[in-house]
Amino acid sequence: MEKQTAGHEQLGEFAPKFAELNDDILFGEVWSREKELSAHERSVITITALITGGNFEQLNFHMAKGKENGISQEEISEIITHLSFYVGWPKAWSAFNIAKTIWK
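You'll find the protein entered in an unreviewed UniProt entry as 4-carboxymuconolactone decarboxylase, with Lactococcus cremoris subsp. cremoris IBB477 given as the organism.

What follows is the structure, encoded as structure tokens:
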């Protein structure tokens, strides 16, 4: 997995500890544990958690990363459709609008 630097680039001067935890711990140590969960599985879980929480600002990045990690258009469509009944129709609509731009 390539080294994540978004934390340092976007928040490094303003919130250096948060940037460090984001880049080195979350994306460095947690996401690199592919023996325990594949990158594909981690992407499915992360996308699901973001949709569930209504955290759509982070969803663009994670959907693109999920696509890189092998999530197909059919798979993301099924994930969002399934979630719609558990987390809400409006959240599904919002997620679909983002997914359409990523998988076009």
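Structure shown, so let's carry the discussion forward.
A. Structural context of the domain arrangement of the protein. According to the domain assignment, the protein contains domain 1 (1-31) and domain 2 (37-103). On a C-alpha basis, the centres of domain 1 and domain 2 stand 22 Å from each other. Both sides of the domain 1 and domain 2 interface together cover about 480 Å² of buried area, and 69% of this is carbon and sulfur. Taken together, domain 1 and domain 2 are joined by 0 salt bridges. For the pair domain 1 and domain 2, the interface holds 0 residue pairs in polar contact (both at pLDDT 80 or more). Split into classes, the residues belonging to the side of domain 1 that touches domain 2 amount to 3 nonpolar, 1 polar and no charged.

B. Region of the structure containing the pattern of salt bridges. Inspection of every chain in the model, using the stated rule, returns 3 salt bridges. For Glu20, the salt bridge goes to Lys17, with nearest N and O atoms at 3.4 Å. Taken as a pair, Glu20 and Lys17 lie in helix H2 (residues 16-30) at a separation of 3 residues, close to a single helical turn. Across the pair Lys65 and Glu68 runs a salt bridge, and its minimum N-O distance is 3.2 Å. Within this pair, Lys65 and its partner Glu68 are both found in helix H4 (residues 56-68), separated by 3 residues, close to a single helical turn.

C. Quick peek at the side chain of Arg42. By secondary structure assignment, the location of Arg42 is in helix H3 (residues 39-53). Buried and without a salt bridge, Arg42 has Glu36 as its closest oppositely charged side chain, separated by 4.7 Å. In contact with Arg42, other than residues within four places in its own chain, are Val30, Trp31, Arg33, Glu36 and Leu37.

The rules behind these values
Residues numbered from 1 in each chain as written. Predicted model: local features only at pLDDT ≥ 70, side-chain atom pairs only at ≥ 80, totals over all residues. Heavy atoms only, no water. Domains from an automatic or database assignment. Buried area = accessible area lost by both parts, 1.4 Å probe. Salt bridge = Lys/Arg side-chain N within 4 Å of Asp/Glu carboxyl O. Polar contact = N/O pair within 3.5 Å; in protein donor to acceptor, adjacent residues only side chain to side chain. Nonpolar A, V, L, I, M, F, W, Y, C, P; charged D, E, K, R; others polar. Helix = DSSP H or I, 4+ residues; strand = E, 2+ residues; numbered from the N terminus. Buried < 20%, exposed > 50% of the residue type's maximum accessible area, 1.4 Å probe, protein only. Lys, Arg positive; Asp, Glu negative; His and termini not counted. Contact = heavy atoms within 4.5 Å.

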